[in-house]
Amino acid sequence: MVTAKKPAASKPAPKKREPNAAFMKPLTPSAELAAVVGTAPLPRTEVIKKLWDYIKAQNLQDAQNRRNINADTKLAAVFGKKQVTMFEMAGLVGKHLS
């Protein structure tokens, strides 16, 4: 005996997320941060992206614990200490944006 399939209930299309304007607002980096990411105003997301590009290019991730970043002289001026975790980085960088 063959049973008729019920039509699948149509789900409403998920709403597309609008980008948060606060993240997209260009901010001016301090002189210390500008030495790493440049002097042009950038959104927070781009600042973090450029920082990660710099960290990877300079091989500054700790070998034993990849979540830690060993600061060179430029990053030490931004972070205020020799080693930070990747989670601390965003908070410390936020102080250098206006």
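In the block above lies the structure referred to throughout.
The rules behind the values
- Residues numbered from 1 in each chain as written.
- Predicted model: local features only at pLDDT ≥ 70, side-chain atom pairs only at ≥ 80, totals over all residues.
- Heavy atoms only, no water.
- Helix = DSSP H or I, 4+ residues; strand = E, 2+ residues; numbered from the N terminus.
- Expected span 1.5 Å × (residues − 1).
- Buried < 20%, exposed > 50% of the residue type's maximum accessible area, 1.4 Å probe, protein only.
- Arc of directions from axis to C-beta.
- Contact = heavy atoms within 4.5 Å.
- Axes fitted to C-alpha atoms, helices over the stretch in contact; angles between N-to-C directions.
- Parallel < 35°, antiparallel > 145°, perpendicular 65-115°, else oblique.
- Left-handed = near helix turned anticlockwise from the far one by under 90°.

Asks: Where do I start with helix α3 (residues 44–57) in this structure?
Replies: What sets the pattern is the α-helix's 3.6 residues per turn: residues three or four places apart point alike. Counted at 1.5 Å a residue, the expected span for α3 with its 14 residues is 20 Å, and the 20 Å between its end C-alpha atoms agrees. Listing the buried residues of α3 in full gives Val 47, Leu 51, Trp 52, Tyr 54 and Ile 55. Along the axis of α3, the buried positions cluster into a sector of 160°, meaning they face one direction only. Every exposed residue of α3 that faces more than 90 degrees away from the buried side is listed here: Lys 56 and Ala 57. On the buried face of α3, the contacting elements are α2 (31–37), β1 (68–70), α4 (73–79) and α5 (86–94). One or two steps after α3, the chain reaches Asn 59, where phi turns positive at roughly 55°.

Asks: Before we go on, may I ask you to explain the environment of Lys 50 in this structure?
Replies: Here Lys 50 lies in helix α3. Looking at Lys 50, the relative accessible area reads 34%, which means it is partly exposed. Spatially, the C-alpha atoms of Lys 50 and Gly 38 are 9.1 Å apart, while their sequence positions differ by 12 residues.

Asks: Got a minute to help me understand the packing of α3 against α5 in this structure?
Replies: Axis angle and axis distance: for two packed helices, these are the angle between their axes and the distance between the axes, and together they describe the pair. Between α3 and α5, the least distance of the axes is 11 Å, while the angle of their chain directions is 125°. In terms of their interaxial angle, α3 and α5 are classed as oblique. Pair α3 / α5 crosses with right-handed handedness. Touching Arg 44, Val 47, Ile 48, Leu 51, Trp 52 and Ile 55 of α3 are Met 86, Met 89, Ala 90, Val 93 and Gly 94, all from α5.

Asks: Whenever I open this one, the environment of Pro 41 confuses me. Can you help?
Replies: Relative to the elements of secondary structure, Pro 41 occurs in the loop between α2 and α3. Residue class for Pro 41 comes out partly exposed when judged on its relative accessible area of 48%. Between the alpha carbons of Pro 41 and Pro 29 there is a distance of 6.7 Å; along the sequence they are 12 residues apart. Discounting chain neighbours no more than four positions away, the residues touching Pro 41 are Pro 26, Leu 27, Thr 28 and Pro 29.

Coordinates in, geometry out; function isn't part of it.
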